[in-house]
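# Observations on chain architecture
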Amino acid sequence: MDERKTVVARDIGHPSGSDFAELSALVKAAGLFRRRPVRYALRIGIAVAAFGGACAVLALGGKSWWQVCTAVLLAVAYTQLAFLGHDAGHKQIFHSRRANDAIGTGLAGLVGISYGWWVGKHTRHHAHPNVDGVDPDIDIPALAFNTRQSRAKAGFLHWMAKYQAFLFFPLLLLEGLDLHWSGAKAVWRGDLRRRRLEAGLLGGHLVVYLAAVFVLLPPGIAFVFIAVHHAAWGVYMGCSFAPNHKAMPHLEPGHKLDFLRRQVMTSHNLNGGRWMTFTMGGLNYQIEHHLFPSVPMAKLRRAQPLVRDFCAKRGISYSQGGLFHTYAQVLRHLHEVGAPLRANAKGTSE
């Protein structure tokens, strides 16, 4: 197995308590922590306009199978709105938590996600990326990201873990529905500070969405529209998040890595220019984002050479690669994790 994928469970031996402070000073001196609310206002305006445009096409486009294309456009708009909600959750838009939460809650309401649930889950991920048993992003019933998880699977999930590399992209078709369902469960359990507001937004979104689709489209087209919309949204969201950590080292609870090395060694960047940044919502600079989550996404491009050179001087592994090469690494990692299960099944059959 590739060394990058092995579990890290010990301190790597660097007396590095001040390294992150030194890097932070460089990033601050470059002015990268300054918020850019006007730029975000423009981005939000464009994303909301795209969302409104897709809704207008749905309303005015007639009862045609061409509306399936509208479902794909709406999925793209959903994802861009979700990216902006992510930035609000990290206080990238305004200095005030209240202002960011207001924007984030509104954007999440447009796409039917619970903002409070997502912020809580994402905060835990940022604090403990790829830490086994702590990071919620690697605690997914349908997938196993290390051999301990794969051996713990039973029944149908055991079978899925064996062939998860082949099932990974098909599973992303369900990611959009899972986001709706997870938010609804959090509201039902009462795990949120603004439970009534979130319940109203999620309920309102569901009613308006279903009413619009089934009033404007015949039942057959309406069902296909919903399926295509949520499948495309799920794939887009999943493909944006999958390259960031999935094939990177996993850490054991109680590891001794400092903050800088923990964040850098478990994250992966994607090569590409402004188009990649737009498509991925800035998540292509995952290393810089994990180190400085409040830095606006548009400024991570300038932070990247500072961080990369800083890591190179200290011998810290800095992972980056092309989009399709990275997807191949993710699938290879998932396939290797499932290999012992396939071997056991083969031995049993013989």
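Predicted model only: the values in this text are computed from it and were never measured.

### Observations regarding the overall build of the protein
Along the backbone of the protein there are 16 helices and two strands. Since a compact globule built from 350 residues should have a radius of gyration of about 20 Å, the 21 Å found for the protein is in line with a globular shape. Reported as C-alpha extents along the three principal axes, the dimensions of the protein are approximately 65 × 65 × 40 Å. The buried share of the protein, taken over its 350 residues, is 48%. Counting contacts in the protein only where the partners sit at least 6 residues apart, residues at least 24 apart contribute 71% of the total. Surface exposure of the protein reaches about 16,600 Å², of which carbon and sulfur atoms provide 65%. On the protein, the mean spot of the 39 positive side-chain charges and the mean spot of the 21 negative ones are 7 Å from each other.

### Considering the environment of H180
Residue placement: H180 occurs in helix α9 (residues 175–189). For H180, a relative accessible area of 17% puts it in the buried group. Taking the C-alpha atoms as reference points, H180 and N271, separated by 91 residues in sequence, lie 31 Å from one another.

### Let's talk about the UniProt feature "transmembrane region" (unreviewed entry) in the protein
As recorded in UniProt, the sites labelled "transmembrane region" (unreviewed entry) are residues 40–59, 98–118, 156–177 and 197–217. Between the first and last C-alpha atoms of residues 40–59 the distance is 28 Å; the span itself is 100% helix and 0% strand. Segment residues 156–177 splits into 86% helix and 0% strand. End C-alpha atoms: 20 Å apart.

### Considering a nonpolar patch on the surface
Judged by side-chain polarity, F156, L157, W159, Y163 and F166 come together as a nonpolar surface patch covering roughly 530 Å² of accessible area. Among the elements that make up the nonpolar patch, the one with the highest residue count is helix α7 (residues 156–162) (three residues). Within the secondary structure, Y163 sits in the loop between α7 and α8 (164–172).

### Concerning the packing of helix α1 (residues 19–29) against helix α15 (residues 300–313)
For the pair α1 and α15, the least separation of the axes is 10 Å and the interaxial angle reads 150°. Between α1 and α15, the angle falls in the class roughly antiparallel. Our pair here, α1 against α15, has a crossing hand that is right-handed. On α15, the residues that touch D19, E22, L23, L26 and V27 of α1 are L306, V307 and F310. Looking at the contact of α1 with α15 residue by residue, the class counts come to six nonpolar, no polar and two charged.

### Concerning the layout of surface pockets
The computed volume of the largest pocket comes to approximately 1,300 Å³. If you trace the largest pocket, you find 50 residues lining it, with K121, I140, E175, D178 and L179 closest to the centre. Those elements that place two or more of their residues in the lining of the largest pocket are α3 (67–89), α4 (97–111), α5 (115–127), α8, α9, α11 (219–245) and α14 (286–291). Residue composition of the lining of the largest pocket, grouped by class: 27 nonpolar, 13 polar and 10 charged. When its volume is computed, the second largest pocket comes out at roughly 540 Å³. Taken together, 21 residues line the second largest pocket, and the ones lying closest to its centre are R39, R43, Q80, T277 and F278. Broken down by secondary-structure element, the contributors of at least two residues to the lining of the second largest pocket are α2 (37–60), α3, α13 (274–280) and α15.

Calculation rules
- Residues numbered from 1 in each chain as written.
- Predicted model: local features only at pLDDT ≥ 70, side-chain atom pairs only at ≥ 80, totals over all residues.
- Heavy atoms only, no water.
- Helix = DSSP H or I, 4+ residues; strand = E, 2+ residues; numbered from the N terminus.
- Rg over C-alpha atoms; globule rule 2.2 N^0.38 Å.
- Buried < 20%, exposed > 50% of the residue type's maximum accessible area, 1.4 Å probe, protein only.
- Contact = heavy atoms within 4.5 Å.
- Areas by Shrake-Rupley, 256 points an atom, 1.4 Å probe, with all protein chains shown as cover.
- Lys, Arg positive; Asp, Glu negative; His and termini not counted.
- Charge placed at Lys NZ, Arg CZ, Asp CG, Glu CD.
- UniProt positions renumbered as here; feature names shortened; annotations may be inferred.
- Patch = residues over 30% accessible without salt bridge, like charges linked within 9 Å, V, L, I, M, F, W, Y side chains within 5 Å.
- Salt bridge = Lys/Arg side-chain N within 4 Å of Asp/Glu carboxyl O.
- Axes fitted to C-alpha atoms, helices over the stretch in contact; angles between N-to-C directions.
- Parallel < 35°, antiparallel > 145°, perpendicular 65-115°, else oblique.
- Left-handed = near helix turned anticlockwise from the far one by under 90°.
- Nonpolar A, V, L, I, M, F, W, Y, C, P; charged D, E, K, R; others polar.
- 1 Å grid on protein atoms, 1.4 Å probe; cavity = no way out; pocket = protein on both sides within 12 Å on 5 of 7 lines; lining within 4 Å.
- Points joined across faces, edges and corners; volume = space filled by probe spheres on them.

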